[in-house]
Amino acid sequence: MVKIMALHGNTEVSFKSPEDNSSVTLKAGEIHEYHPEAALELSRSAISNQTLQITSSRPIIIRVIHQKKKSIQTALVTPTDKLGTKYLVPPVPSISGTTDTANLEVTEHSPFQLIIVNMDKENAITVQGVEDMVISLQPYQVAQVWVQDKLRAVTADQPVTVLFGHTCAINDDCTCGQLFTVLPPTNDEEQTFYIPPVLDENAEHKAFLLLSEEGSTRVISFEPNSPVVKTAGSVILYRPGLLLTLTPETEFAACFVAKTVPDAANFAVILVHKGQTDGIHVGTETLDNPEWQELKGTDYVTTTLFLVGPKVVIWHATARMTVYFMGNMNGVLFGNPGSVISKTPDFRGCVLTPETIEIGAVEGSWQESLMYCKNQNLDLVSIPWPDLQRQLSRNIPLAGRGSLKKLWIGMRRSSQTTVWYWLNAHLVNYTNWGQGEPGSEQEGQCVMMGVDGNDFEWRDADCCEDAQPICYREPELFPIEPGSAQFYELEPNEWVGYN
């Protein structure tokens, strides 16, 4: 099953496969379930034309759910603009009954494999190993390669996506199940990975980290007392039934969404800096005082939530974090990194298009500043909430050109009633006046924001004074319906055994 969720309204999604050519139009936040035909399942052929192509008029999120008997796997589909041309091949974990007896004729004894999916151009792919293998793929073809002879990397002339795993790896209960993860493109810079200790719960010393670097690979036992790995490559957590590609600190984000799996217990594992635990929301509800578990030797903490609802949005108002969406179905664990909607924190919610802040380069009167902003299709900023004042205080220095002195904002005094009002018609329930401000109505009819210190305090001023305008546009937010998700806090070890 493929679950597609639209981020914006009026999003057209098209499906093309050897046996289907259809489309749907989705509203923002709407989820569409697509069930691919059985003929798309890969056979043992080295190269296949059996692919499903999904295109959309606006950004979407795709989560694939594969369930067969007791085996269940989930994965995020990487959009084409995020694909790479080089991927490091992870080391193969030791799995009793699978990796200790190689036999291509018996599925559970066959080697691990790479699945390489080509996009819309002819492509030459090189699988680097003891002897390099060159594969030519036509548009939308798929190649399968056995992971043997110490494969090191996959390189391609054009972007591809690469999966790593096994079609039926042996589990603890002597059954076998699918085991796959999507590999990230190569990053040559050292990255830091923080690993929630909960991922090791009840693994009985069978949780391992698969590390890939340029020219080397390592398999190390995951020790919850050492939850940090630094490497110029990728890190994948393996435990029986699960391959989970871990998220480096550089890829932390502010808003994530999960499309839950029916008939399963669904969980979120949240990891955040211990100084930034305030401001996390699940849907429209604030996450208040959960039980945080420290990652030893770090400044990070983690907590686990039980999720209810068809889709769950987890977002941070002021900082970045990472979220893993996990599940348990009949004792079988599955999961994947959270689907990122935005890396931009905002106190109003989950950002699709960030707010725009533009500081006018030329000083002018309040009226001239008002027209300057309108000519940029922006507004002279109104600040009706303290959260917006704090957010602007953080972002205005980044938007300023050179030294900032005086800044006009979109507040002024009515010449008829002397009452202060905002240009965007919000009520004036919040102000940030400096000491002794505002003065009398003869002293000023318009409002400037100061840039001295960290408080960015306001003062009234003659509207004919010269200052730079703060031009502004509000962000576009992902719709979150009140009551669309419920969550319950769990003890660190509850999620593994939960059914």
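Residues numbered from 1 in each chain as written. Predicted model: local features only at pLDDT ≥ 70, side-chain atom pairs only at ≥ 80, totals over all residues. Heavy atoms only, no water.

1. Topic: the pattern of salt bridges
Side-chain pairing between opposite charges can occur once the charged atoms of the two side chains come close. Applying the stated criterion across every chain yields a total of 11 salt bridges. The salt bridge partner of Glu214 is Lys86, with a shortest N-O separation of 2.8 Å. Here Glu214 is found in the loop between strand E17 (208–213) and strand E18 (216–221), whereas its partner Lys86 is found in strand E9 (residues 84–88), with 128 residues between them in sequence. The class of Lys86 is partly exposed, set by a relative accessible area of 26%. Arg413 is paired through a salt bridge with Asp460; the nearest N and O atoms lie 3.5 Å apart. Placement of Arg413 in strand E35 (residues 406–413) and of Asp460 in strand E38 (residues 458–461) is noted, with a sequence separation of 47 residues between them. (Salt bridge = Lys/Arg side-chain N within 4 Å of Asp/Glu carboxyl O. Helix = DSSP H or I, 4+ residues; strand = E, 2+ residues; numbered from the N terminus. Buried < 20%, exposed > 50% of the residue type's maximum accessible area, 1.4 Å probe, protein only.)

2. Some remarks on the sheet that holds strand E21 (residues 242–245)
Strand pairing within a sheet occurs via backbone hydrogen bonds; the two strands may be parallel or antiparallel. Read across the sheet, four strands follow the order E18-E17-E20-E21 without closing on themselves; strand pairing throughout is antiparallel. The open sheet has two edge strands, E18 and E21, and neither has a second partner. Averaged over all neighbouring strand pairs, the angle between strand axes comes to 20°, with direction disregarded. Examined bridge by bridge, E17 and E18 share six bridges and lie antiparallel to one another. By the bridge assignment, Leu211 is partnered in E18 with Arg218. (Pairing = 2+ DSSP bridges. Axes fitted to C-alpha atoms, helices over the stretch in contact; angles between N-to-C directions.)

3. What about the side chain of Thr245?
Mapped onto the elements, Thr245 comes out in strand E21. By relative accessible area, which is 10% here, Thr245 ends up buried. Here Val182 takes part through its backbone oxygen, which lies 3.1 Å from a polar atom of the side chain of Thr245. The residues contacting Thr245, other than those within four sequence positions of it, are Thr181, Val182, Pro184, Val235, Ile236, Tyr324 and Pro337. (Polar contact = N/O pair within 3.5 Å; in protein donor to acceptor, adjacent residues only side chain to side chain. Contact = heavy atoms within 4.5 Å.)

4. As for the state of the cysteines
For the structure on display, the rule yields three disulfides. Across a sulfur-sulfur distance of 2.1 Å, Cys373 and Cys471 are joined as a disulfide pair. Judged by the torsion about the S-S bond (-80°), the Cys373/Cys471 disulfide is left-handed. Of this pair, Cys373 sits in helix H1 (residues 366–375) while Cys471 sits in strand E39 (residues 468–473), placing them 98 residues apart in sequence. Of the two residues, Cys373 and Cys471, neither departs from the other in class, the shared state being buried. (Disulfide = S-S within 2.5 Å.)

Taken by themselves, the reported measurements are silent on function.
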